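A look at the structure
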Amino acid sequence: MGFMQLFKHILGDDWGVHPDDHKRPAADQPVRVMPVPAKLYLPLQQHLGGAARPVVLVGQRVRKGELIAEAQGMVSAPVHAPSSGTITAVTEITAPHPSGLTLMAIILETDGADEWCELQGCDDPFLLDPAEIGKRVAAAGVVGLGGAAFPSAVKLIGASRAKVTTLVMNGGECEPYLSCDDRLMRDAATGIVDGIRIMLHTTGAAIALVGIEDNKPEAIAAMQAAAAGFDNVQIRPVPARYPMGSEKQLIQVLTGIEVPADGRPADIGVIVHNVGTALALRAAVREGKPLISRLVTVNGNCASQPGNIEVRVGTLAEEVIAFAGGLKGDGLGLARRVMGGPMMGMQIPHWRVPVVKGTSGILAFDTVEVSEQEPNPCIRCGSCIKACPMGLLPLEMSARIRNEAYTEAIGLGLKDCIACGCCAYVCPSKIPLVQYFVHAKGELSAQDRAKLRNDATKKMALQRQDRLEREAREKVEAAAKRKAERAAAAALAAQTTAG
Ligand code: SF4
Ligand code: SF4
């Protein structure tokens, strides 16, 4: 059975959607490298997990690559200076989030010298102990560059403990408009394959399967050439279909094994990393370079010159757009600003938002690209059910969530929803289904956090009560003891006087 037939046999023909990919001409343009901007805005939280803690003071001079905020806790990542200059503030800035809320960031005024700090690389990472590689990757602040921004070292170390056998490399880049991974695979295939081999050494996995959608023939050819001679790195074209880049879908297509509903890939001996992450990991281990820049796709009908730009982390989106040629008609036709992809990315309120480690795209959409129709009532067409790659009932789940019946929505599989957006994409009534699911998941985790807080508060109140009672008891006992000692001393004094 050929691979494509196997794919159809495993998943059937109906799941997912085939959005117009809008990847070219951006994908075919050579990468442009953006000069260092005058100011960089570096959020302390650019990753999943605990926010980093600043280790620099306002007024302090730093060199490129220097640690400016350290990781806090088991799941976290440090932040490094993307260029040399002076720290001018640690303050709140607009988060790359639709809410327009703020988050803490370090502001770095660059000095134009772009002077590196000292770096500790390694000529032969294959001689290093996997634990040492994990430490170097953690110290370099490498996070998943596919969008989720999970700290890579945590995943690598976890995989080596879980004794995974297969490394699945995600070169799918299934979201429309984005092409930064495509460009990286075309231009830096040798480095990516080297990074994959270092990942294999670190995790102990026997084989790496690199899934690349078949709408990227140039990337497939470049990666196949780079992997030639390495039997344990196999390049596997997969059909272009959204959400092929979702972890669970890609694993199933490449290995034929399904990740259990409540399970993790490691439960079936698999770990998934993005191809861009492999390149960042290679730079961290071989050259000692922290993650301070990335490739970002600028695209959308309003972008004058769509393409991929190499950008320092912390650069404002408005400066990236200006460097990329600005917006058509000075942005008069602009209907939506998005960071990330159109399906899973985030709308942002304005362009004064910085590129962070997980920013794959800056998209400027016009009204043609953004359907401005108000949602209509559900016509029970069933398209959302057909499109759902997880086999869920999106219309039923959204109805429960509208009534705040979260437990019923969980019963219908809410926790299995991967927020891919396929259901919302195909819905003829334009019902924002995925927004309901993201909202409900947020509500549920807020409730979980509130319960944890309440439990912790109750526990502390009980401990306080115990402490107060113990202190009162000890006070009474100490007073009684003092009284007895005074009485004994008085008796002794009386005896001495009488004698
Ligand atoms: S219900 Fe969730 S997993 Fe299914 S299509 Fe909608 S967003 Fe994707
Ligand atoms: S696709 Fe939209 S209109 Fe059709 S059943 Fe689902 S929610 Fe209803």
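One structure accompanies this document, and this report is about it. What you are looking at is a predicted structure, and each value in this text was computed from that prediction instead of being measured.

1. Here we look at the overall build of the protein chain
Broken down by element type, the protein chain carries 14 helices and 17 strands. In terms of principal-axis extent, the alpha carbons of the protein chain reach across some 110 × 60 × 50 Å. Within the protein chain, contacts between residues at least 6 apart in sequence are counted, and of these 72% link residues at least 24 apart. Accessible area for the protein chain stands at about 23,500 Å²; split by element, carbon and sulfur atoms hold 54% of it. Across the protein chain, 53 positive and 53 negative side-chain charges occur, with their mean positions spaced 6 Å apart.

2. A look at the side chain of Arg 312
Positionally, Arg 312 belongs in strand β14 (residues 307-312). Exposure remark for Arg 312: the relative accessible area of 16% places this residue in the buried category. Within the structure, Arg 312 has its side chain in polar contact with the side chain of Asp 114 (distance 2.8 Å).

3. Some remarks on the pattern of salt bridges
One pass over the structure, following the stated rule, counts 24 salt bridges. Across the salt bridge formed by Asp 114 and Lys 64, the nearest N and O atoms sit 3.1 Å from each other. With Asp 114 in the loop between β8 (102-110) and α2 (130-139) and Lys 64 in the loop between β4 (61-62) and β5 (67-70), the pair connects residues that are 50 residues apart, well separated along the chain. Put simply, Arg 24, Asp 28, Asp 182, Arg 186 and Glu 218 are held in one network by salt bridges that share partners.

4. Some words on helix α3 (residues 152-161)
Residues of α3 that are buried include every one of Ser 152, Ala 153, Leu 156 and Ala 159, and no others. Looking straight down α3, one finds that the buried residues subtend no more than 130 degrees of arc, so they occupy a single side. Elements in contact with the buried residues of α3: α2, α5 (189-203), β12 (270-274) and α8 (275-287). Backbone geometry just downstream of α3 places Lys 163 in the positive-phi region, at approximately 55 degrees.

5. So, the environment of Gly 276
Within the element layout of this structure, Gly 276 appears in helix α8. Note: C-alpha distance between Gly 276 and Asp 466 (190 residues apart in sequence) is 54 Å. Once residues within four sequence positions are removed from consideration, Gly 276 is found in contact with Leu 145, Asp 181 and Leu 184.

6. A short note on the nonpolar core
Counting residues in hydrophobic clusters, the biggest one holds 47 residues, and the most contacted among them are Leu 167, Ile 196, Val 210 and Met 223. Setting aside chain neighbours within four positions, we find Val 210 in contact with Met 169, Ile 196, Met 223, Val 233, Gln 234, Ile 235, Arg 236 and Val 275.

7. Quick word on the site of ligand 1
Around ligand 1, a shell composed of 14 residues is seen, among which Cys 388, Cys 417, Cys 420, Gly 421 and Cys 423 lie nearest. Among the secondary structure elements, those contributing two or more residues to the shell around ligand 1 are α11 (394-402), α13 (422-426) and α14 (433-498). Within the shell around ligand 1, the residues separate by chemical class into 13 nonpolar, one polar and no charged.

8. Thoughts on the packing of α5 against helix α6 (residues 217-227)
Contact geometry for α5 and α6: axes closest at 8 Å, N-to-C directions at 55 degrees. One finds that α5 runs oblique with respect to α6. Along this stretch, α5 crosses α6, giving a crossing that reads as right-handed. Contacts between α5 and α6 involve Ala 189, Thr 190, Ile 192, Val 193 and Ile 196 on the former and, on the latter, Ala 222, Met 223, Ala 226 and Ala 227. Each residue belonging to the contact of α5 with α6 can be placed in one class, and the counts come to eight nonpolar, one polar and no charged.

9. Description of the sheet that holds β12
Reading across the sheet, the four strands line up as β11-β10-β9-β12 and stay open at both edges, with parallel pairing between neighbours. Across the chains shown, the open sheet's two edge strands, defined by having one partner strand only, are β11 (233-238) and β12. Neighbour-to-neighbour, the strand axes of this sheet turn through a mean angle of 25 degrees, independent of strand direction. Judged from the six bridges that link them, strand β10 (residues 207-213) and β11 form a sheet pairing that is parallel. Across the sheet, Glu 213 pairs through a bridge with Val 238, a residue of β11. Of the strands in this sheet, β10 and β11 are in contact with α6, which crosses β11 at around 165 degrees.

10. Re the packing of α3 against α5
Here α3 crosses α5 at 45 degrees, and the two axes come no closer than 8 Å. It follows that α3 is oblique to α5 by the angle criterion. For the pair α3 and α5, the contacting residues are Leu 156, Ala 159 and Ser 160 in the first and Met 199, Thr 202 and Thr 203 in the second. The class makeup of the residues in the contact of α3 with α5 is three nonpolar, three polar and no charged.

Conventions used here
Residues numbered from 1 in each chain as written. Chains lettered and ligands numbered in written order. Predicted model: local features only at pLDDT ≥ 70, side-chain atom pairs only at ≥ 80, totals over all residues. Heavy atoms only, no water. Helix = DSSP H or I, 4+ residues; strand = E, 2+ residues; numbered from the N terminus. Contact = heavy atoms within 4.5 Å. Areas by Shrake-Rupley, 256 points an atom, 1.4 Å probe, with all protein chains shown as cover. Lys, Arg positive; Asp, Glu negative; His and termini not counted. Charge placed at Lys NZ, Arg CZ, Asp CG, Glu CD. Buried < 20%, exposed > 50% of the residue type's maximum accessible area, 1.4 Å probe, protein only. Polar contact = N/O pair within 3.5 Å; in protein donor to acceptor, adjacent residues only side chain to side chain. Salt bridge = Lys/Arg side-chain N within 4 Å of Asp/Glu carboxyl O. Arc of directions from axis to C-beta. Core = buried A, V, L, I, M, F, W, Y, C linked by side-chain atoms within 4.5 Å. Near = heavy atom within 4 Å. Nonpolar A, V, L, I, M, F, W, Y, C, P; charged D, E, K, R; others polar. Axes fitted to C-alpha atoms, helices over the stretch in contact; angles between N-to-C directions. Parallel < 35°, antiparallel > 145°, perpendicular 65-115°, else oblique. Left-handed = near helix turned anticlockwise from the far one by under 90°. Pairing = 2+ DSSP bridges.

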